[in-house]
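Geometric and topological summary
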Amino acid sequence: MKRIRLLVVLSFILSCMLLLFTGCGKTTLAKPKNFEVNQETLVLTWDSVKDAKGYKIFVNNEEYNSSKPRYPLEPLAAGDYVITVQAIAKNDDFKDSEIATYTYTRPEESGISFALINNKTEYEVRSMGSAAGDVVIPDVYRNKPVTKIGDLAFANKNKDLTSVTVIGNNLRTIGSRAFYNCGAMTSISLPDSVTEIGAYAFQNCRSLQSVVLPEGLKVLQGFTFAYCTELASVTMPEGLTSIETKAFIGCYKLDNVVIPNSVLTMGEYAFSENKALTNLTIGSGLEVIPEYAFLGCQMLAQINFSEGLKTISQFAFSGCAGAIEVEDPNGSTPLVVPTGLTKVNLPNSVETVQTGAFINCTWLVELTFGDNVSKVGDRVIYNTLLWTASENIVSVDGWILGCKSKEMEEIVFPDGTVGIADKAFLEVDKDWSVSGWALTIPDSVEYIGESAFYNCTKMSSLGVGAGVKTIGVKAFSHCSNLRNTIVRDGLEVIDNYAFQGCTRLKIQTLLADGKKTSEDILPVTLKRIGTYAFENTDRWNKSMGLVYIGDWLVGCTDEAMQVGHIEEGTRGLSDYAFYGAAGLNTVTIPDSVEYIGRCAFYGCASLTQVTLPFGLQAIEEFTFYGCALLQQIYLPNTVTKIGYSAFNKCYSLTTANIPAAVEMIDDYAFYKCTALTQLTLSEGLREIGDYAFRGCANATSVIIPASVEIIGKHAFYGCKLLTVYC
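1. Focus on the overall build of the protein
Helix and strand content of the protein: three helices and 62 strands. Taking 726 residues into account, the globule formula puts the C-alpha radius of gyration at 27 Å, and the protein, at 40 Å, lies well above it. Taken along the three principal axes of its C-alpha coordinates, the protein extends 165 × 85 × 40 Å. Looking at the protein residue by residue over its 726 residues, the buried ones come to 48%. For the protein, the proportion of contacts with a sequence separation of at least 24, taken over those separated by at least 6, is 38%. A total accessible area of about 33,000 Å² is found for the protein, and carbon and sulfur atoms account for 49% of it. Looking at the protein, you have 58 positive and 77 negative side-chain charges, and the mean spots of the two groups are 13 Å apart.

2. Here's the deal with the pairing of strand β23 (residues 256–259)
In the case of a regular strand, side chains alternate between the two sheet surfaces. Taking every second residue as pointing to the same face, the buried face of β23 carries Val257 and Ile259, while none of Asn256 and Val258 on the other face is buried. Pairing of β23 with strand β25 (residues 279–282), which is carried by four bridges, proceeds in the parallel orientation. Pairing of Ile259 across the sheet is with Ile282, part of β25.

3. Looking at the sheet that holds strand β46 (residues 546–549)
Strand order across the open sheet formed by four strands is β46-β47-β49-β51, with mixed pairing between neighbours. Because the sheet does not close on itself, it has two edges, and the strands there are β46 and β51 (595–596). By the bridge criterion, two bridges tie strand β49 (residues 572–573) to β51 in an arrangement that is parallel. When the sheet's bridge partners are listed, Leu573 is paired in β51 with Ile596.

4. Brief notes about the environment of Phe305
Position of Phe305 among the secondary structure elements: in the loop between β27 (302–304) and β28 (311–312). Between the C-alpha atom of Phe305 and that of Leu264, which follows or precedes it by 41 residues, the distance is 14 Å. If sequence neighbours within four positions are ignored, Phe305 has contacts with Ile282, Ile289, Phe317, Val344, Asn345, Leu346 and Pro347.

5. Re the packing of aromatic side chains
Per the stated rule, a full pass over the model turns up 47 aromatic pairs. Measuring from centroid to centroid gives 5.6 Å for Tyr644 and Tyr668, while their planes differ by 55 degrees, and the two rings are tilted. With Tyr644 in the loop between β55 (641–642) and β56 (655–657) and Tyr668 in the loop between β57 (664–665) and β58 (678–680), this pair connects stretches of sequence that are 24 residues apart. The partly exposed category is assigned to Tyr644, whose relative accessible area is 30%. Classification of Tyr668 by relative accessible area gives partly exposed; the value is 23%. Through pairs of rings, three or more aromatic residues link up here, namely Phe154, Phe179, Phe202, Phe225, Phe248, Phe271, Phe294, Phe305, Phe317 and Phe358.

6. Observations regarding the pattern of salt bridges
Oppositely charged side chains may form a pair once their charged atoms are brought near each other. One pass over the full model with this rule turns up 21 salt bridges. Measuring nitrogen to oxygen at the nearest pair gives 3.4 Å for the salt bridge that ties Arg142 to Glu109. On the criterion of sequence distance, the pair formed by Arg142 in the loop between β13 (140–141) and β14 (144–149) and Glu109 in the loop between β9 (100–106) and β10 (113–117) is long-range, its members being 33 residues apart. Classification of Arg142 as buried rests on a relative accessible area of 10%. Since its relative accessible area comes to 30%, Glu109 is described here as partly exposed.

Cut-offs applied
- Residues numbered from 1 in each chain as written.
- Predicted model: local features only at pLDDT ≥ 70, side-chain atom pairs only at ≥ 80, totals over all residues.
- Heavy atoms only, no water.
- Helix = DSSP H or I, 4+ residues; strand = E, 2+ residues; numbered from the N terminus.
- Rg over C-alpha atoms; globule rule 2.2 N^0.38 Å.
- Buried < 20%, exposed > 50% of the residue type's maximum accessible area, 1.4 Å probe, protein only.
- Contact = heavy atoms within 4.5 Å.
- Areas by Shrake-Rupley, 256 points an atom, 1.4 Å probe, with all protein chains shown as cover.
- Lys, Arg positive; Asp, Glu negative; His and termini not counted.
- Charge placed at Lys NZ, Arg CZ, Asp CG, Glu CD.
- Pairing = 2+ DSSP bridges.
- Phe/Tyr/Trp six-rings, centres within 6.5 Å; stacked < 30°, edge-to-face > 60°.
- Salt bridge = Lys/Arg side-chain N within 4 Å of Asp/Glu carboxyl O.

If you want it as structure tokens, here you go:
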């Protein structure tokens, strides 16, 4: 019995010892190590511990558990943290690891939402996130540069956003509508590194007071600051090249605008409705002030033009007039003081002033055109003091701008008249009692504007002075009773439809010796006749095919004509001379021809052969456009320019020699000449325009001469077989 008890006791002792030895044999898991924070995602990671089922994590004594060796830090508020990590054993064969400690400082962030772009090398601001008030956009976010504020990033934060400051010089782009309708934003600071600001970027920022545009900005896109009604100051950098449509429309407090010399183009309505604008300076680079650019700038009193400006487009300064009330020191009733333009002096560089340029500038009393204006539109100063104070025939600085009343029986030109504006005497004789009247244009006149005497049906004779250089578009169109017409040497242009519908027209030239030529002889100084200038005249209606006025071919009335025999001695072909001659297949042009007008053979789809004259200097724009069956063209060595779309869509053209004298091949000149195989360019060529040879799919090789200075965009695009040698 004692022996049995002893065995039981020994068995118990052995069991306890076995358990003790077994427990002492467990493997302790490795301590977590190699802690690292991903600066893009703010995720803390460490090396995976073998045989661990997970990890117990304490962050400032708050416990978390994770099945993977990672912990997200982004939810943490800014501050300092002590993070402990312990690997948890996967079963009873292992012991939990020792505790590893990692200290981390969560940086302060604005709450702005960012997104990775450009192959995850940069950040853009994606949205405002939780940010508010005065927002600061950092130069760097999580160790990568912030280069863009995205489209619509802060759009419609009407009350939440009050100002924006951009730190550093990494920001390059502000997206479209980025700050659209941020009505409470009063200021924004932009670094000079910004090179692009998208359309509508700051539209309707109604509290924005001033802005300095970055030095690197080249183009200010449409509507960028539209209706920023409190914007009082804008500084544009020298280097800005374009201000696009409605960029500053409705900036009611902007009072001074200086357009840099670097600005080359401007969109319509760019500064319209700027009701406080008083001073405007236009730099020397801008050649065209576009339509409605300063419409309704009621306070505009001073315009400083620069030499270089060529065109003031229609309604550019329309409605630059207003009135304000001021206190009368001698009475209780406020005084009304006129505001707006009163005097305008255009620089000598201006060539064209278009329709309504200064219409409704109520207080305008003085306008000078400069020395080189050759075209003035209609209603340029209508509804101004200058108009209302004039005699019936309104004459300003040598230009007749119109007549206030048609209740007269003759037209008397003021001394020194140099030009007649568009529509100045349109239908002037409609209610006259005379059955026929004579118009004599004095020798001082150089320019007769568009529709100047349109539909003056009672005019019976016309004498054009020796100084006239241009008879404008439709100048005498539909003067159906006009018969005897005298023109003089010195006349250079008879423009589109100039005498269209003058069914009884007989035209002669008065020579320097006082002798008249026979009927239908034009001056030797004539350089161009426009489209259908003599359509439906006596000579046109009596012609059975080709229509000649003197030594000019001005049209073709036989659409079925197949062979065009142009008379020897012909000096020029008008614009659109053979337009609509769908059956024309062969044309021989004698060497006497010096000028072939634009679109002369436009759409002659059956034309296969044409011989061009020696002495021709230019192939004008669209001359052979759409001549789909034209196979070969031999340009004379005198040609210096091939115009815009001159051979566009000549699908059958296989050969086109480019003479050594050619200096310019304009845009689209040989566009989609798909059969063209040989391209020979000569030394002396300076410029190849945009898309000049695009789509010439069968061209195999071309040598670009060393003289070429400019090759336009996509000049040889789609020339799949072409090898280019430079």
